[in-house]
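Working through the structure, step by step
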Amino acid sequence: MIVGDHAVIRAADLDDSPLLHRLYDVSKPRSFLLGPSREVLIPTRDELQEVLSRKDLLSGVFFVVEDKQGELRGCCSLRGVTSSAFFSEMAVALVDEADYATPLADEVMDFIRYGGFHERKLRKLMGHCLDREARYREFLVRHGFVSNGVQREMVYALGRYFDLESLSLFRDAADDALQEEAG
Amino acid sequence: MALKARVYIRRAEREDLDTVVSWREDPAFIRFLYGDRTRSPKQIREQIVGMLGRTAGHTMPNGIFLVVDSEKSGPIGLLSIVNIGWRNRSCNIDTYVVEKVRNSFLAAISFYRVLEYCFQELGMHRVNLFVYAFNARSWRVIERSGAKRELLLREHVARDGEVYDMYGYGLLRADWEWLREDFKSHFKGIDLLSMVAQRKQAAAVPEAAP
Amino acid sequence: MTDEPRFTLRRTERLDLDTIIEWLDDPAFLAFLHGDPTRAPKQLRQHLAAMLAYAAAPMMSGGGFYIIDSDRHGPVGLASLQSIGWRNQNCEFDLCLTEPARAQGLDTACLHGVIGYCFDDLNLHRVSRPVPAPDSEAVLRMEGTGAKREAVLRRHGLRDGTRVDMYLYGLLRSEYRRPAAADRGD
C-alpha cells in the first residue's frame, strides 16, 4: 500500500467490486473501458468479482485509489506488461472527472511513472483518451504525455463514433520533467 | 478492358499448413506474425495452426485469415483480419506476400481485395493498419488506398536489438467508397465478384498452351 | 438532460436470480421464458441459473436475456435479443415487464430502451420483433417506433390455448422514431 499526502494506492481487492462497478458506466464511455478490440466492455458484477479474486492476474497491474478518508476515488492500471515488451499501456480512471486536476491524481501519476519506469524499467508508457475525455487528456499532457495522433471514429458508444487519441510518455522525458519540477 | 489478375484470395485452410510454415524463414513473415524472436519453431508452428481454418463454422470470429493464391504459383501470401470489433465495426489488417511478388501489382491487388472484403462483406466501418516506418513499400501502397496516417508510434517495436517506429493508418468507409469509385474507372476486373468469375472460368477451362 | 427515467439493458448476472424467480409468479413472465407451470420450483431455478450463465457469456454472443434496468426504478423486466447477426447487424427481440412496471405505464419507455440499446450500444442496423396480433396495445407501441409490419405469421403463436397470428415488425435504424427525451449519457 502506498500512502501519499492525498491518495492511498493499494492492490485491488474482492471487497472493492461494488464500488469499482460504478466506474463501468455505459452512459459515460471512457478509454479505461476499452477491451482489446477497442470496444466498450462493461463486465457484470459476477465477472468483476471473478477478476478481482484472481490475485495472479492482478498483482502489480491493477490498483484502487482512495482518498485519505478511505473513500474509493478510482483505479489505475499498467496493462500489457510482458517480459518482451518495453512499454505498457497505463490508465487512470477516477470516478469524478474533476479529480484529474487535483494533487490526488498527481500522486497516482507519480506512482504509475515510478512503477513503469523504475520498477519495470519500461521505455515508455502509453495512454489513450476518447474525444469526450478532455479532463483526462489535460491530466496526461500536464504530466508530459505527447500525442501520437488520433484514430478517427474508432469507438462506437451512445449511438455515435468517438475518436481515440493515443499519447506516449518516454522515460527520458519523464525524468527531465521530474528534474524540472524539482527545480 | 477488365484486368485478369490471376490471383485470388480465399479462406486459409489446414491444407495450407506446410506452405505457410515454409515462409517462416522470411523475416517479413516473422514480422507479420508479430513474433517474439525467442519463440521456438514449434511455437511458431502452433501459432500458424491456430490461424488456419480456425474460423470454419464460427459465426462471429474475431480473426479471419485469407490466403493469396496465384493461378500459376499457388499460395503466395497471407492476409490477416484480426481484432474484429463487431460493435465498433472495425478490424486490423496485416498483409504478407512472398518476396518474389512483393514489388508486383499482385500485392496491391490482394490488398485492394482484402479491403473490399472488409467493407463489403464484413460491413466494417473502419480498417486499421499498422506498419513499420522503415517499410516504405508497404505504407506507400496503404497511402495510395486513401488511408490516413493517424498515429506515429515512436520506438514502438523491438526486432533483433533495434527499436523501430510504427505508423498507424485508418481507412474509414467513406475513404473506401472514394477509393472504390476511383479504382473502378482504372482497374476494372479486380473486384471480388470479378475475381470469383475469373476463378470459376479458370477452373472450368484447362490452361491453354503458351 | 432530462428528468425522464432512463431504461437500458444490462447482461443478467447471478445476483439477479432471486429477482427473476419472484417475477415468475406472473404468468406473463412464465410464458415469456417458456416456463411450464408443471415444473417444480427447483427445476425452474436450475433452468434459470443455466439461462443466466448463458446470458452472462461474453458480450459478443449470438444473443440471450438481458435485464431492463432503470436509474430510477431498478430492474423492471427482461428483454431477449436473439439471433444477433453481427455481420448483417440485425437481431430479433422481445421484452416482458413486471406487473408493477406495466401498471406504471412504462411499456413504451422500456420498448425504446431495448431498441436504443440495439442501435446505440450494439450498433445494429435493423431489429425485428414478433407481436401477437390480438395485442393491439403492443401493436400500436411498435408502430409508434416507426417499425413496419413486414409479415403476418399465421397461427404462429399459442396464447392461452388458442393459436394466434403474429405480426413480424421490422425497424431500420434510419426509420427509428426516437422519443424526444432519448438523451443518453452526458
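Remember, it's a predicted structure, so these values are computed and weren't measured experimentally.

Further remarks concern the nonpolar core. Proteins that are soluble and globular tend to have nonpolar side chains buried together. Of all hydrophobic cores here, the largest spans 93 residues; its most connected members are C:Ile68, C:Leu95, C:Cys110, C:Val114 and C:Cys118. Here this core gets nine residues from one element, more than from any other, and that element is helix α4 (residues 105-121) of chain B. Discounting residues that sit within four places of it in the chain, C:Cys118 has contacts with C:Leu81, C:Cys91, C:Phe93, C:Leu124 and C:Val127. A:Phe63, A:Cys129, A:Phe139 and A:Leu164 belong to the second-largest nonpolar core, a separate cluster that totals 52 residues.

This part covers the confidence of the model for chain A. Taken as a whole, chain A shows an average pLDDT of 90; of its residues, 96% reach a score of 70 or greater. When the elements of chain A are averaged for pLDDT, helix α3 (residues 55-58) of chain A gives the smallest value, 74, and strand β7 (residues 146-157) of chain A the largest, 98.

What follows concerns the confidence of the model for chain C. Per-residue pLDDT for chain C has a mean of 86; in total, 88% of the residues score no lower than 70. Listed scores for the predicted complex are pTM 0.88 and ipTM 0.88.

Residues and elements named next belong to chain A. As judged from the eight bridges shared by β7 and strand β8 (residues 160-170), these two strands associate in the antiparallel manner. When the bridges of β8 are listed, Tyr 156 appears paired with Tyr 161. Joining the antiparallel neighbours β7 and β8 is a turn of two residues, in which Leu 158 adopts a positive phi near 55 degrees.

A separate point is the interface of chain A and chain B. Between chain A and chain B, the contact holds 19 residues from the first and 21 residues from the second. For the side of chain A that touches chain B, the elements supplying multiple residues, two or more each, are β7 and β8 of chain A. No other element matches β7(A), which puts nine residues into the side of chain A that touches chain B. Split by residue class, the side of chain A that touches chain B holds six nonpolar, seven polar and six charged.

Reading the values: the criteria
Residues numbered from 1 in each chain as written. Chains lettered and ligands numbered in written order. Predicted model: local features only at pLDDT ≥ 70, side-chain atom pairs only at ≥ 80, totals over all residues. Core = buried A, V, L, I, M, F, W, Y, C linked by C-beta atoms within 7 Å. Buried ≥ 20, exposed ≤ 12 C-beta atoms within 10 Å, placed from the backbone. Helix = DSSP H or I, 4+ residues; strand = E, 2+ residues; numbered from the N terminus. Contact = placed C-beta atoms within 7 Å. pLDDT = per-residue confidence, 0-100. Pairing = 2+ DSSP bridges. Nonpolar A, V, L, I, M, F, W, Y, C, P; charged D, E, K, R; others polar.

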